[in-house]
Amino acid sequence: MTAIQGKRILIGVTGGIAAYKACVLTSRLTKAGCDVHVMMTKEAKQFVSPQTFQALSRNPVHDDIFTEKNEHQIAHIDLADQADLIIIAPATAHTIAKLAHGLADDMVTAAVLATKAPVWVAPAMNVNMYHHPAVQKNLEIIQTYGYRVLKPDSGMLACGWVGEGRLMEPDAIYEEIEDYFGQAHQKDLQGYRILVTAGPTREKIDPVRFLTNHSSGKMGYAIAACAQKRGADVLLITGPTELDPPAGVEVIRVESALEMYEAVMKHFDEMDAVIKTAAVSDYRPKAVSDRKIKKTEDHPKIELVRNPDILEELGRRKTTQILIGFAAETHDLDHYAKGKLEKKKLDMVVANDVARTDTGFRSNDNEVTFYFRNGDIRHLHKMPKAEVAQELCNLLTEMLDKKKGSV
Ligand SMILES: Cc1cc2nc3c(=O)[nH]c(=O)nc-3n(C[C@H](O)[C@H](O)[C@H](O)COP(=O)(O)O)c2cc1C
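Residues numbered from 1 in each chain as written. Predicted model: local features only at pLDDT ≥ 70, side-chain atom pairs only at ≥ 80, totals over all residues. Heavy atoms only, no water.

Colleague: How would you explain the environment of Lys343 if you had to name every residue and give the values?
Modeller: Its location among the elements puts Lys343 in helix 12 (residues 333–343). Judged by relative accessible area, which is 58%, Lys343 ranks as exposed. Spatially, the C-alpha atoms of Lys343 and Asp78 are 61 Å apart, while their sequence positions differ by 265 residues. (Helix = DSSP H or I, 4+ residues; strand = E, 2+ residues; numbered from the N terminus. Buried < 20%, exposed > 50% of the residue type's maximum accessible area, 1.4 Å probe, protein only.)

As structure tokens, then:
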């Protein structure tokens, strides 16, 4: 029995061109054993027929608040009461505005007001509509009610524009739902405080230039999100990235290696575990010019000095904490990973080959090898970073529980 089998999921379909993608979502959830009930706005029926959703979900479709399919029940209340999750996909700008202001003149919005279940909203619309301040404000408002917004993807839109506004892919929505119900059962990191570092650092040369690296922060953010969902109290200390911080995670933003060092040392003592995925610059310019360095005919030299080694210092200071480091190497992975494990007194090293272009830096996938203190090695095949994060959290849970048991 999987975690989502038997869950009653209400899908609210509204009048956007992406309504056809809700068919794919309905089909996947039904095939996975969910009890799917589709509600449609009047405009949604301009795009897909209710019969399609009825056939895919094997349940009657609710498209009119005054047409009761069962005379013993009031449909929008009954559906809302029994839902495990309501997801509006696609959510039009119009429906988002209605949700923000508590209107309830159709099945979708009435059920949302009447429910105690989690409400997820997956916007889909033209890029300019999406970025309109009214829509952005309404999205902010609905998040204050606790609704979760599934951020739209960027790309070619049906209207011909390119940009943000494309409905999150049905497979990705399905995975979010699967994760949600899976992790609701799995709060195995509850009670633990975990520090994750992520992203690159920037080492200033002058007011307009800096030294940095290709780290995107994706691996660290995925671990922070996963640990938080599994119940941990997570602090993410991050260098500059373009990522949105995961919900429920405390975030400290830093720029340079020295700032990251300060922030990590300040919080280290409170932690049960530290996972250091950040690609911290080993060097920084010895002097930072306070004026832009001008172009000249000669070849200027930038003298570099070593930054403190954060992980090595944590290895020296650690008392009961679990320390996990990442080794991003372009060659001799095995050799460097084992050396790092020993030298920095780590409990585990996660090694990945950053010379590859299909995994590692910036990619959504990673192929990693775990090196343990007792000499064990475990290789994972290439997989999404979110799945690597799950595997890492499984191992972390075992290590923390073992340590707790031995204290
Ligand atoms: C061809 C077509 C495509 C549309 N696509 C979208 C869309 O993707 N997103 C959106 O917010 N509105 C879209 N609209 C506008 C909505 O259908 C309109 O605002 C409607 O009132 C939404 O009603 P509802 O939110 O109650 O379903 C589209 C309209 C047409 C005619």
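Colleague: Tell me about the packing of aromatic side chains, residues and numbers included.
Modeller: In the structure shown here, the tally under the stated rule is 4 aromatic pairs. Here the aromatic rings of Tyr180 and Phe181 are separated by 4.9 Å at their centres, their planes lie at 75°, and the arrangement is edge-to-face. With relative accessibility at 31%, the residue Tyr180 sits in the partly exposed group. A ring pair is formed by Phe370 and Phe372, whose centres lie 6.5 Å apart and whose planes are at 45°; its orientation type is tilted. As far as the burial class goes, Phe370 and Phe372 line up, both buried. (Phe/Tyr/Trp six-rings, centres within 6.5 Å; stacked < 30°, edge-to-face > 60°.)

Colleague: If you had to explain the site of the ligand to someone new, which residues and values would you point to?
Modeller: With respect to spatial proximity, 14 residues lie near the ligand, and among them Gly15, Thr41, Thr92, Ala93 and Thr95 are the closest. A distance of 2.4 Å separates an oxygen atom of the ligand from a polar atom in the side chain of Thr92. Between the ligand and Thr95, the relevant distance is 2.5 Å, taken from an oxygen atom to a side-chain nitrogen or oxygen of the residue. Expressed as a share of its isolated accessible area of 640 Å², the protein-covered part of the ligand is 66%. (Near = heavy atom within 4 Å. Polar contact = N/O pair within 3.5 Å; in protein donor to acceptor, adjacent residues only side chain to side chain. Areas by Shrake-Rupley, 256 points an atom, 1.4 Å probe, with all protein chains shown as cover.)

Colleague: So, the sheet that holds strand 4 (residues 119–123): which residues are in play, and what are the values?
Modeller: Read across the open sheet, the 5 strands follow the order 2-1-3-4-5; overall the sheet is parallel. Lying at the two open borders of the sheet, with one neighbouring strand each, are strand 2 (35–40) and strand 5 (148–149). Relative to strand 2, strand 1 (residues 8–13) runs parallel, the two being bridged by 6 bridges. The residue bridging Leu10 from the neighbouring strand is His37, located in strand 2. Packing against the sheet, helix 3 (residues 75–82) makes contact with strand 1 and strand 2, and its axis sits at approximately 130° to strand 1. (Pairing = 2+ DSSP bridges. Contact = heavy atoms within 4.5 Å. Axes fitted to C-alpha atoms, helices over the stretch in contact; angles between N-to-C directions.)

Colleague: Which residues make up the domain arrangement of the chain, and what are the values?
Modeller: According to the domain assignment, the chain contains domain 1 (8–183) and domain 2 (188–406). Here domain 1 and domain 2 share an interface that buries about 350 Å² over both sides, 32% of which is from carbon and sulfur atoms. For the salt bridge of Lys229 with Asp179, the shortest nitrogen-to-oxygen distance reads 3.9 Å. Scanning the region where domain 1 abuts domain 2 turns up 0 residue pairs in polar contact (both at pLDDT 80 or more). Class assignment for the residues of the side of domain 1 that touches domain 2 results in no nonpolar, 1 polar and 3 charged. (Domains from an automatic or database assignment. Buried area = accessible area lost by both parts, 1.4 Å probe. Salt bridge = Lys/Arg side-chain N within 4 Å of Asp/Glu carboxyl O. Nonpolar A, V, L, I, M, F, W, Y, C, P; charged D, E, K, R; others polar.)

Colleague: Break down the sheet that holds strand 13 (residues 273–276) for me, with residues and values.
Modeller: Taken together, the 8 strands give an open sheet; going across it, the order is 12-11-8-13-16-17-19-20, and neighbouring strands pair in mixed fashion. For this open sheet the edge positions go to strand 12 (250–253) and strand 20 (377–379), each flanked by a neighbour on one side alone. Each strand of the sheet is rotated relative to its neighbour by a mean of 15°, with strand direction disregarded. In this sheet, strand 20 lies alongside strand 19 (residues 368–372) in antiparallel orientation, the contact comprising 3 bridges. If you follow Phe370 over to strand 20, its bridge partner there is Arg378. Strand contacts of helix 11 (residues 310–317): strand 13 and strand 16 (322–329), with the helix running at about 155° to strand 16, the strand carrying the most contacts.

Colleague: Report on a nonpolar patch on the surface, specifying residues and quantitative values.
Modeller: Residues Tyr283, Ile302 and Leu304 make up a contiguous nonpolar surface patch of roughly 280 Å² in combined accessible area. Turning to its location among the elements, Tyr283 is positioned in strand 14 (residues 283–285). (Patch = residues over 30% accessible without salt bridge, like charges linked within 9 Å, V, L, I, M, F, W, Y side chains within 5 Å.)

Colleague: Which residues make up unusual backbone geometry, and what values do they have?
Modeller: Geometrically, the link from Ala89 to Pro90 is a cis peptide bond, its omega value of -5° lying close to zero. Positionally, Pro90 belongs in strand 3 (residues 85–91). Phi is positive for Arg58, which is not a glycine, with a value near 60°. When you line up the elements, Arg58 lands in the loop between helix 2 (50–57) and helix 3. The residue Lys345 is not glycine, and still its phi comes out positive at about 55°. Structurally, Lys345 can be placed in the loop between helix 12 and strand 17 (348–353).

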